[in-house]
Each structure stands twice: as structure tokens, then as C-alpha cells.
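A structural walkthrough
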Amino acid sequence: MSVSTAAVDPSLCAPLPVLGADVTVPLVTGGEVTYAALDYAASAPALRRVWDDVAAYAPYYGSVHRGAGYLSQLSTDLFESSRAAVAEFLGCREGDQVVFTRSTTDSLNLLAAVLPADCRVFVFETEHHASLLPWGDSRVTCLDAPRTPAQAVATLERALADREPYGPALVCVTGASNVTGELWPVRELAAAAHAHGARIVLDAAQLAPHHPVDITELDVDWVAFSGHKLYAPFGSGVLAGRSDWLLEAEPYLAGGGASRSVTRRPDGGVDVQWHTTAARHEAGSPNVIGVYAIASACRALTEAGFPALVARERALVDRVRAGLAEVLEVRVLSLFGDDAPRVGVLSFVVEGWNSSHFAAALSAEYGIGVRDGLFCAHPLVRTLLGGEPLEPGECGAPEAGPGEKSLNAIRVSFGAGTPDEHIDRFLGAVRELVGDGARWTYRTEDGRCVPDRGAAQV
């Protein structure tokens with residue numbers, strides 16, 4: 001059974017077509033402009049290919065597994081073929097499982113739920129909260145931010161060698177930082193983990209949309225990522241990798257789909273036999289649309305060719321870095337140095353500017369969407385901005401804890417769907433704002449920094 005879907009034109013030049021490319025937004029200074037979406041690290045727009053594939057399937061939508069009707073059988077085939085497509089995209093090994101979840105956060109919480117009781121977890125303070133928080137304080141060793149890739153490997157090796165007791169251990173590491181965009185030495189960290197009897201899970205949320213991710217080549221035990229960052233914003237995620245811990249643990253969620261057999265006992269209880277496949281951790285009705293969207297995005301990126309996508313994005317990164325370097329008031333944040341390889345994610349601060357005010361001005365006056373704040377990586381941003389705090393209560397300043405000052409930055413992020421014009425407009429806007437100042441005043445409203453339309457124009 002099959003659904004007629006779209007195909008990628010192999011002669012198509014980057015950027016890849018995405019939804020929203022022709023959306024216009026109003027400017028506070030008057031008129032409208034085509035929206036420049038430069039917040040891919042939060043959620044990337046849907047590829048046109050993904051949208052077309054989902055639209056082609058939508059009339060055939062049905063419940064998956066065990067349905068006797070044609071649409072149910074077709075949907076089941078599509079769901080399971082999507083699992084195979086994701087496995088191929090990730091270079092899964094024989095015996096690996098692909099479990100569909102809601103997001104990267106959900107995937108890592110699932111893995112946390114199946115860890116052996118005596119398993120220690122090692123994470124760097126540089127991780128996104130999705131990687132930093134699921135494990136529970138009692139079993140976590142949080143490692144200081146390294147300043148070079150080699151230091152990251154050495155720090156991990158020491159921590160693993162010194163662990164007490166020397167039992168099961170899991171390392172969780174990002175492939176590309178959601179704050180700096182810098183690439184982490186995943187293969188070297190995996191080798192260090194395995195040399196010390198530990199396993200490793202790769203948070204590929206920011207890596208998979210920009211670079212090929214191959215479980216076998218990287219020699220990681222698990223990979224987690226989200227569809228909404230992979231140009232498939234339909235609310236689904238993936239945890240792929242080794243099956244043993246997944247099969248030895250109780251289901252992440254108990255319910256229909258996870259159970260193979262349920263029988264009533266004379267004492268009034270129930271006995272359950274759980275599935276020994278990925279279904280064990282996919283209880284409830286699955287997000288078929290989200291799963292299919294991820295598979296469609298995986299196919300589209302593969303067919304477009306990662307070498308060409310990586311080369312084009314590297315050129316955009318170089319253009320942004322060079323443009324920002326020309327503005328003396330701008331400091332780009334980095335752990336590994338200004339020349340460290342990175343994906344299309346850069347965070348920066350502007351001397352003399354509140355970061356939330358600056359981001360609001362980019363939106364209101366230029367139609368450019370970026371992000372400001374701590375990017376769900378509070379320890380890392382606070383480390384990088386240790387000497388440049390905002391006072392609590394300033395426009396956009398995050399709420400501070402007792403005795404703390406607040407910190408935030410601006411993040412620009414882009415990818416396969418970003419046209420050159422958006423990069424040029426962004427760099428031009430940065431130069432104008434730093435040189436001439438904002439053309440409007442801004443205030444805090446419901447926790448957001450917005451134009452103060454009741455005030456006089458600057």
C-alpha cells in the first residue's frame with residue numbers, strides 16, 4: 001500500500017523550499033515586509049516537501065496497528081515504513097530500535113526512565129535542559145564547561161575513571177550546542193565512554209537538521225532528536241539505539257499499544273505481558289502525522305544531499321560571523337573559540353544594549369525573528385555571560401533567583417530553508433541598530449519586550 005507523495009527535484013538549488021517564505025508581517029514603523037525567520041534552533045519551518053507529503057496522506061488517515069480496514073492497514077504500513085526510513089537516516093545497527101516520542105525532551109526522559117537503578121549519568125553543564133534535567137540529581141555528575149574539544153574528552157575520561165562505584169554509567173552530550181552552534185567531538189567522547197565501560201546518548205536536536213548523523217559511524221548507543229527542528233513541526237520525536245535497557249525496563253507509559261496480553265487475576269488484579277518491540281514504549285494512539293512528517297524530512301534532506309547543504313550553510317555561517325565581526329559592539333559567544341566549526345546557530349550580545357530590546361527591535365522594525373534569553377541552557381549562558389548581567393526587572397531580563405543577577409543574549413539561527421536575503425537583512429539591521437539606535441521605545445508586556453505604542457517615536 002502506498003500514498004502518492006512529492007519528490008525532491010535533484011536539480012533544485014538551495015535553499016530548500018519551506019512554508020512561510022512569502023509571509024509578510026507589519027512593521028511598527030509602517031508598512032509590511034516579508035518575514036525573515038531566523039529562529040530555526042527553536043523550531044524550523046516545515047519543508048514544502050514535508051507539507052505536500054502530509055497533505056497527500058491526510059485523506060487516508062486512520063488508526064494504526066490491528067485495524068482491519070483499508071485505511072488502518074495503509075496507515076500502519078506508512079507508520080512502520082516511517083520507522084524504517086528514520087533507521088536508515090540514522091544508520092542504525094542491526095538490533096537497534098527506533099521509538100517514536102513527542103520530542104527530544106520526551107526521548108531523553110524515556111531513556112532516564114529505563115536506566116538501571118545503579119546507573120550514574122555524566123553531563124556537561126553546557127547541555128540544553130532537555131539533556132541536563134531528566135536524570136535526577138541523585139545519580140548525576142555535572143561536569144564543568146570545557147574550553148576546547150580535547151578538554152571535553154579529558155574531563156569526561158577523568159570523571160568516568162574516578163566514579164564510585166565503578167558500575168553502569170551513561171554519558172549524555174549534545175552534537176551541536178543550541179547556544180553557540182559549536183560542534184562537539186562526539187566520536188571521541190563515545191570512544192572515551194566505551195573505554196570506561198559507559199554508554200552514551202547523543203542529543204542530536206541541533207545536529208540532525210544540519211549534518212548527517214550516523215549511529216554506527218559515531219559509535220553512540222542512542223540518538224535523540226525532534227521533528228520540529230528537522231523541518232517537520234508536527235509534534236513528534238525519536239529515540240533510536242540499543243534495545244536491551246529499553247526491553248528490560250517497564251514501559252515508559254502503561255496502556256494500550258504497549259501491552260501484548262492483559263488477563264484478569266482471581267484476586268482482582270491484572271497480569272500484563274508487554275511488547276518486546278519499540279511498541280513497548282509507545283503506549284496510546286501514536287502521532288501518525290508527526291511520524292510521517294519526520295520520515296518525509298529525513299528523505300528530503302538525504303535526497304537533497306548533505307554535502308551540498310553543509311557547504312551552503314557553512315558559507316552562511318561565515319557570512320554572519322564576518323558581518324558581526326565588523327560591528328565592534330557585538331561579541332559572539334563561544335566555548336571553543338571564534339573559529340570553532342559550528343552549525344547555523346550563533347548567540348551574541350551587543351555592548352550598551354539590552355538583548356531583549358535588541359531582539360524586539362529586529363522584529364518590530366525589520367521583520368526579523370530571532371530569539372533572546374537563556375535558550376533553555378541557563379548554566380551555559382550564565383557561564384558565557386558571567387561578566388555581563390542584566391538587572392532583574394529590565395526589559396526581557398529573566399527572573400533571577402535569590403542573590404543572582406539575570407543574564408541573556410540574542411540568538412540567530414538558520415538552515416536549509418534560509419535565503420541569502422534574510423542573512424543580508426539581518427546584518428544590515430544589526431549595523432543600523434548599533435549605529436543609529438532603535439526607532440521606537442520598548443516596554444515589558446506579559447513577560448515580552450514589545451514596542452511602546454503609547455510613547456513617542458524615537
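Summarised in this report is the structure supplied together with it. Because the structure is predicted, anything quoted here is derived from the model rather than measured. For every chain, the first residue of the written sequence is number 1, and numbering continues from 1 along that sequence. Local features in this predicted model are restricted to residues of pLDDT 70 or higher, and side-chain atom pairs are both shown and tallied only at a pLDDT of 80 or more, whereas totals for entire chains, interfaces and linings draw on every residue. Hydrogens and water molecules were not included; the side-chain quantities draw on all heavy atoms of the structure.

Bringing the overall build of the protein chain into the picture now. A helix here means a DSSP run of H or I that spans at least four residues, while a strand means a run of E at least two residues long, and both kinds are numbered starting from the N terminus. A count of helical and extended segments in the protein chain gives 13 helices and 19 strands. Expected size for 458 residues packed as a compact globule is a radius of gyration near 23 Å; at 23 Å, the protein chain falls within 12% of this value. Summarising its shape, the C-alpha atoms of the protein chain cover approximately 75 × 55 × 45 Å along the three principal directions. Relative accessibility under 20% of the residue-type maximum defines a buried residue, over 50% an exposed one, and the middle range a partly exposed one, all with a 1.4 Å probe and only protein chains included. The buried share among the 458 residues of the protein chain stands at 54%. Pairs of residues are marked as contacts when any of their non-hydrogen atoms sit within 4.5 Å. Counting only contacts in the protein chain whose residues sit at least 6 apart along the sequence, the fraction spanning at least 24 positions is 69%. Only the C-alpha atoms count toward the radius of gyration. The rule for a globule is 2.2 Å times the residue count to the power 0.38.

Residues Glu164 and Pro165 are joined by a peptide bond in cis, for which omega reads -5°. Along the polypeptide, Pro165 turns up in the loop between α5 (149-161) and β7 (169-174). Of note in this structure, Tyr231 is not a glycine but carries a positive phi near 65°. Along the chain, Tyr231 turns up in the loop between β9 (222-226) and β10 (237-241). Its relative accessible area of 0% is what places Tyr231 among the buried residues. Even without being a glycine, Cys376 presents a positive backbone phi close to 50°.

The next thing to look at is the sheet that holds β7. Here, a strand pair is defined by DSSP locating no fewer than two bridges between the strands. What the 7 strands build is an open sheet, ordered β4-β10-β9-β8-β7-β5-β6; its pairing is mixed. In this open sheet, the two edge strands, each paired with only one partner strand, are β4 (97-101) and β6 (140-143). Recorded for the sheet is a direction-independent mean angle of 20° between the axes of neighbouring strands. Against the sheet, helix α2 (residues 70-89) contacts β4, β9 and β10, and its axis sits at roughly 115° relative to β4. Structural elements are reduced to axes, namely lines fitted to C-alpha atoms, with helices fitted over the stretch in contact, and the angle between N-to-C directions of any two is expressed from 0 to 180 degrees.

Moving on: the environment of Gly241. Within the secondary structure, Gly241 sits in strand β10. Residue Gly241 is classed as buried on the basis of its relative accessible area of 0%. Expressed as a C-alpha distance, the spacing of Gly241 and Cys92, which sit 149 residues apart in the sequence, is 6.9 Å.

So far we have only geometry, and geometry alone does not tell us how the molecule works.
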